[in-house]
Every structure is written in structure tokens, then in C-alpha cells.
Amino acid sequence: MRILGISALYHDSAAALLVDGKLVAAAQEERFSRKKHDAGFPQQAIDFCVRHAGLAFKDIDYVAFYDKPFLKFERLLETYLAFAPRGFTSFRMAIPVWLKEKLLQKTLLRDEMKRWIPDFDWHNKLLFGEHHQSHAASAFFPSPFERAAVLTMDGVGEWATTSLAMGEGSELQMVREIHFPHSLGLLYSAFTYYTGFKVNSGEYKVMGLAPYGEPRFKSTILDKLVDLKDDGSFRLNLEYFDYCTGLRMTNEKFDALFGGKPRKAEERLTQREMDLAASIQAVTEEVVLRLTRSVAQQTGARNLCLAGGVALNCVANGKVLREKVFDNIWVQPAAGDAGGAVGAAYAAYHGFCRQPRRVNGHLNAPQIDSMDGSYLGPEYAQPDIEARLQTAGARFETLPYDGMIETTAQALADEKAVGWFQGRMEFGPRALGGRSILGDPRSPSMQKTLNLKVKYRESFRPFAPSVLREDVSDWFDIDADSPYMLMVAPVVERRRRTMTADEQALFGIDKLNVPRSDIPAVTHVDYSARIQTVHRQTNPAYYDLISAFKAKTGCPVVVNTSFNVRGEPIVCTPEDAFRCFMGSEIEVLVVGNCVLLKEAQNPSLKRDYKGAFELD
Amino acid sequence: MWLIKELWSFMRVRKKYWLLPIIVVMVMLGALLVLTKTAIGPFIYTIF
């Protein structure tokens, strides 16, 4: 049975293909269209999934969409009614868009599918799942657990903003929900907006900014904005927010409470924004911890699955892990809306089609889930890579596998910034060693070089380490799998360096640039790190590379950041990788077995990449 | 016509017949807005 899952028309459009219960392909449209967070119909992603599986469109049994537009419309109408006449400005903007486009989504989907399959029986073959049901399905069905509690938290779906479900075998039962307008995701987004970042894309910047600040507004938030109960349920005080009726997240009363107007985008960051970030992060952790404690108590489950945009808050995830309320935690790597495509397909397969579930996917290893390391996107055969690079005008050397690994490990040990393009592209927002820029974590200057010269992004932002799974406890205070870079843990004490008072007083990048551990490039100012454990089963080439780097340096850790510049979607094809290489200060590019050195390239192919993409 | 049928069956399933007059008024008002000016995509995703 073949089920195509689609998440589209809001943000982060994606497609995923399930063949007889196995997830064979998944990709986000932005990687093909080169438009960050592309919300359009995921034509190219669907095309890739179907072709990758060697199928024709007529072979698809069902198409499953990840949410229900009419239920969203109902929420919209009831919200306007509840707040009338205050929401007229918002209404004036939203209703025409709904009437012209969004209410006609079923027609759009039907027409798009009919373009590929003229006799597509859309009455019976086009299925719609609820938004949080799709998130929950994406968290439970590919997880390595037979039984688990499933917690999903995001901005908003149809009505639900937080939901609890219980998964057992091929059954997934929704237990309870918190509804709009009370939303942890929207609360976090309100502070994202207020601190001058883009809603729905800048939230991870707020999380990265938090360790620079003190949570001095935490009690204000809990006293005035959030009525938080012991079991983690909550209600927001809507007097301070504008998102129900206006076009902003917060209002004047919110400004008065926190002592000023929202920061404008790209304005200088001050201690106030850092303290606000620290405060909302602390509140989020408090809510998530209370929710998970009560979920454990009520369900008796020993395993927890997480999804929804809030599940990308890896600092909160790390705290839940360290509390040991659950024996095991598994987070869907595409926890945001793109992952809804995977969830919709799984929900249709197990829920609608009543098909049995095989835990652990095809790898038959108990610790491995069914996401294949999230390497579910396109890959390119070596001859194809060479032909594509040649056409792009690249000058490269093709090495045998061992030579490629050795050369790359040496380049890393020489503190070079390395573009690393191997195997299948990752599904989800993180680069996991398929489309990554790598560096030496021991280098005190690597952080600055990567942020300012390679990625062209804000100086305060930290980088993440990839570490061999068997070595993770030697370097970080964690002994669990974190294959998707969704857990944060501190660097172990013995690898740390205590900062002096003068060093503590520094600000931003200056503070970050003071070496505070043996691996300063991946150690945040609070000694935390966003860890990716690397496993031989899911990414042998990356595992071999880090092993070779360890053999040379004694360090089983590399810096791993996504292969893109600020505002650009992660590279998808060898040509994208070459363009990014020529437009940034990446010094070495490794695509398959091809090694490219910057100094060997034709200088006329260099591009000014710095302003090429809209800032995120 | 298809849309009206779908909306009606949606209201039946959700047992929210009271939405009908609101939808009618809002659709009329919305149609007026569509006719009078170009729609601009709203910027906060809750209203999408």
C-alpha cells in the first residue's frame, strides 16, 4: 500500500511517501524551490518522493493531507465573533485570502493530483487528518516504542495548541487538548516578535540568545501572562496579546509590562532582549516539565514521544531527559509542520487503513527508529555528481572512499571550514551530516569564522557538535541517543575551563569567543551544547569521518552546522553546494568522493552570496 | 456550489448550524472586500 503524505499551504510544505508501512522518502519543498519555508503546493517534493520509490503517480493508493482547513476556518470565525468588533482589521486582511484560496484547498489538492492522475478518485482517496493528530502520528508511529505517551505542542493547528495522546501498537488515541488562543507556541512566538525576530522562524534564535541573559522577567510572565497549573495546563491572559484580533503578536499593554516597544529587526541586541529570551525560555521549560511530569503520572507510560514546533526547543527537551521522568524520549526530527506530511501518511496507514505496525522499521535494531536517521531526501550517484560539478565549472579531484575520508579529516584538523555533501538529504530543519558545514571544535576562532565569514549570521549564535555515540558521555553530561540534534546537555566538568570575572563581563560574540572548554566552538556561554550523536548504522560516511578525525586529534567531535548561508534553504543538489561554496568562505567542499579546494577554483565563478537571500 | 455543499456538510458533522448566518454575512462582507481591494497575506500565522 502506498500513501503520500502532504503538508502544505501554511508554511514549510513537504511531502512524504509510505510504502507498505515503511517511510521511503520525505522532503521539504523549500529545498527544491530554494525559497525558505516555502508554503506552496509541494510539487517538486512529491515528484521526488514518487520517483525515488520507482513508482508512477497512478500507483499511489491514498493521498493524506496533514490538517483540516474547514476546522481552521471555524476557529477563525469563532475567534472573530468572540472578539468582534475588535478584530476587523485582521478580518479585512484574512477573509479575502480565505475566500480566494484557503477554503478552496480541497479543490486545489484535487486539481493538482488530477494533473498527475487524470482519473484520480479524490472522493475516496484524498484523506484529511487533524493537525495535532498528524503531529502525534509523526511522533509515535516512527518511534522505536511499542507503547508511549505522545505530547505535541505548537503555535496552533485547527483548535488544538497542545495535545496528549497514548500510542500502543498501531493505535493512537487522543486523550486531551489545550485549545486556541491558549498556546505555548504562540507565547514563545510573542517574545520572538517582541525581541525583534521573525515569528515562526526566529524562535530558535531566542533559544540561542537565552543563555546570555538572566530570567528576571520569569515571575512577571507567570504572574501576568500565564496562569500555569500544577499539571502543566495553562491559560494566557489575552489582555496582553494582539494575535487574536490584530496583525501583531503583542500589544501596548505588553510593551508597558516589559518597559518598552518591541525591538526592530536587525537593531542592536541589548541585555534586555537577552533577559527576555532567558525568561521566556525558563517559563517554557517550566511548562514543559510540568506537562511531562503530569503525563507520566496520569498515563504510567515509560516512553515519551514529542512533536510540534515547541518540541524543537532542544534545551527544554534536554531538561525533560535529565529529569528522568521517562525512561526514554524520542523526538520527531521534523517536529514542525513539515513533519505533518509524515504523520498524515502514518495516520492514514494505521488509522484509516487499519494496517498493523512494525516497530523499529526495517533496520531490526532495537535502538533504531523508522526515520532512517532522517536521511530521507534526494541522493546523487558518484557519476552524476561528477557530471553536475563539471557542468557547473567546478575543478575537483575524485578520490577513493578512504582517501576522501582521510583528506576531509585532515582538512578539519587543519581548521578549515569544510562543506560536506554525502548521501541522502536530511528531512527536517537540522543538517545531520548529509548537507553540513563542518569545522574543528577545538579551534577558538572557528565559531567566529563560521558565523561571520561562512554563514553570514548573527554573532551570538552557537554551533552544535556531532559526536560519536560511544564517546558522547566522555564529552557531554548525557548518555542517551540524540541522533537528531534535539537534546541539549552540558559539556562535562573535566573538559571545561572556568571564566575569569573580566571574561564574564564580556558581551555577545566577545563572551562566546573566550574558550570555555576543550571544544570551545560548540560550547555555549552556559557550557551547554546541542548534541547530535552519530551512529554507524544510519550514516556510515559521517561516522567514518569523525572516527578519522578522532584518530588524528583524539577528539571524537566536529562542529556541524547546516550547509547554507543565512536565509538560504539547506543545499539540495551538488550544484547548490557548489554555488554556496563559491559564495561563502568555505575552504574545502566534499561532494561524494569529489574534493574541491577553494584556491583551485576559477575565480570568475565566485559569487556575492552575502545579500543573495532575504534575512530570516 | 461544491464549496457550499462542503460547508453545509461540515456544519452538519460539527453540529454548528449557528455558524450559517455568520458565514453568510462574512462571505458577503468578504466578497465585497475581494471586489474592492487586493487581499494582502496576513503576517501572523494564526489567522492563516
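Residues numbered from 1 in each chain as written. Chains lettered and ligands numbered in written order. Predicted model: local features only at pLDDT ≥ 70, side-chain atom pairs only at ≥ 80, totals over all residues. Heavy atoms only, no water.

- As annotated in an unreviewed UniProt entry, chain A carries the name Carbamoyltransferase and is attributed to Vineibacter terrae.
- As recorded by UniProt, the Sequence similarities (unreviewed entry) comment attached to chain A reads in full: "Belongs to the NodU/CmcH family." (UniProt positions renumbered as here; feature names shortened; annotations may be inferred.)

## Considerations on the interface of chain A and chain B
Next, step 1: Listed per partner, the contact involves 44 residues of chain A and 29 residues of chain B.
Next, step 2: For the pair chain A and chain B, the summed buried area comes to about 3300 Å², and 76% of that belongs to carbon and sulfur atoms.
Next, step 3: Interface area lost by chain A to chain B is led by F70, E74 and L77 of chain A, which between them contribute 17%.
Next, step 4: In this assembly, chain A and chain B are joined by four salt bridges.
Next, step 5: The shortest N-O distance in the salt bridge between K106 of chain A and E6 of chain B comes to 3.3 Å.
Next, step 6: Scanning the region where chain A abuts chain B turns up four residue pairs in polar contact (both at pLDDT 80 or more).
Next, step 7: Counting residues per element, the ones that place at least two in the side of chain A that touches chain B are α3 (69–83), α4 (88–100), α5 (105–116) and α8 (184–194) of chain A.
Next, step 8: Counting residues per element, the side of chain A that touches chain B draws most heavily on α4 of chain A, which supplies twelve residues.
Next, step 9: For the side of chain A that touches chain B, a count of residues per class yields 28 nonpolar, seven polar and nine charged. (Contact = heavy atoms within 4.5 Å. Buried area = accessible area lost by both parts, 1.4 Å probe. Salt bridge = Lys/Arg side-chain N within 4 Å of Asp/Glu carboxyl O. Polar contact = N/O pair within 3.5 Å; in protein donor to acceptor, adjacent residues only side chain to side chain. Helix = DSSP H or I, 4+ residues; strand = E, 2+ residues; numbered from the N terminus. Nonpolar A, V, L, I, M, F, W, Y, C, P; charged D, E, K, R; others polar.)

## Considerations on the pattern of salt bridges
Residues and elements named next belong to chain A.
Next, step 1: Under the counting rule described, the total for this entry stands at 46 salt bridges over all chains.
Next, step 2: E30 serves as the salt-bridge partner of R31, at 3.1 Å between the closest nitrogen and oxygen. In this pair, the class of R31 matches that of E30, namely buried.
Next, step 3: Notably, a salt bridge pairs K550 with D471, separated by 3.0 Å at the nearest N-O pair. Note that K550 is positioned in helix α21 (residues 540–553) and D471 in the loop between β16 (464–468) and α18 (472–475), a separation of 79 residues in sequence.
Next, step 4: You can call D471 buried: its relative accessible area is 8%. (Buried < 20%, exposed > 50% of the residue type's maximum accessible area, 1.4 Å probe, protein only.)

## Here we look at the sheet that holds strand β3 (residues 22–28) of chain A
Adjacent strands of a sheet pair through backbone hydrogen bonds, lying either parallel or antiparallel.
All names here are of chain A.
Next, step 1: Strand order in the open sheet formed by five strands is β3-β2-β1-β4-β5, with mixed pairing between adjacent strands. Single-partner strands in this sheet number two, and they are β3 and β5 (126–128). The average undirected angle you get between the axes of adjacent strands in this sheet is 20°.
Next, step 2: Note: strand β4 (residues 62–65) against β5, three bridges, orientation parallel. Counted as the bridge partner of F65 is F128 from β5.
Next, step 3: Lying on the sheet, helix α14 (residues 340–352) is in contact with β1 (2–7), β2 (14–19), β3, β4 and β5; it crosses β1 at an angle near 140°. (Pairing = 2+ DSSP bridges. Axes fitted to C-alpha atoms, helices over the stretch in contact; angles between N-to-C directions.)

## Details of the domain arrangement of chain A
Residue and element names in this part refer to chain A.
Next, step 1: As far as domains go, chain A holds domain 1 (2–143 + 336–372) and domain 2 (382–605).
Next, step 2: On a C-alpha basis, the centres of domain 1 and domain 2 stand 32 Å from each other.
Next, step 3: Opposite the 22 residues of domain 1 that make contact, domain 2 presents 18 residues.
Next, step 4: For the pair domain 1 and domain 2, the interface holds two salt bridges.
Next, step 5: One salt bridge in this structure joins E568 and R34, with 3.3 Å as the shortest N-O distance.
Next, step 6: Between the two partners, domain 1 and domain 2, sit nine residue pairs in polar contact (both at pLDDT 80 or more).
Next, step 7: When residues of the side of domain 1 that touches domain 2 are traced back to their parent elements, those giving at least two are β3, α1 (29–33) and α2 (43–52). (Domains from an automatic or database assignment.)

## A short note on the nonpolar core
All names here are of chain A.
Next, step 1: L187, L225 and F476 are the most contacted members of the largest nonpolar core, which totals 231 residues.
Next, step 2: Looking at which element gives the most residues to this core, the answer is helix α12 (residues 271–299), with eleven residues.
Next, step 3: Two domains each provide a minimum of three residues to this core, namely domain 1 (2–143 + 336–372) and domain 2 (382–605).
Next, step 4: Apart from residues no more than four positions distant in its own chain, F476 is found in contact with P465, V467, A489, P490, V491, V492, I519, A529, I531 and V557. (Core = buried A, V, L, I, M, F, W, Y, C linked by side-chain atoms within 4.5 Å.)

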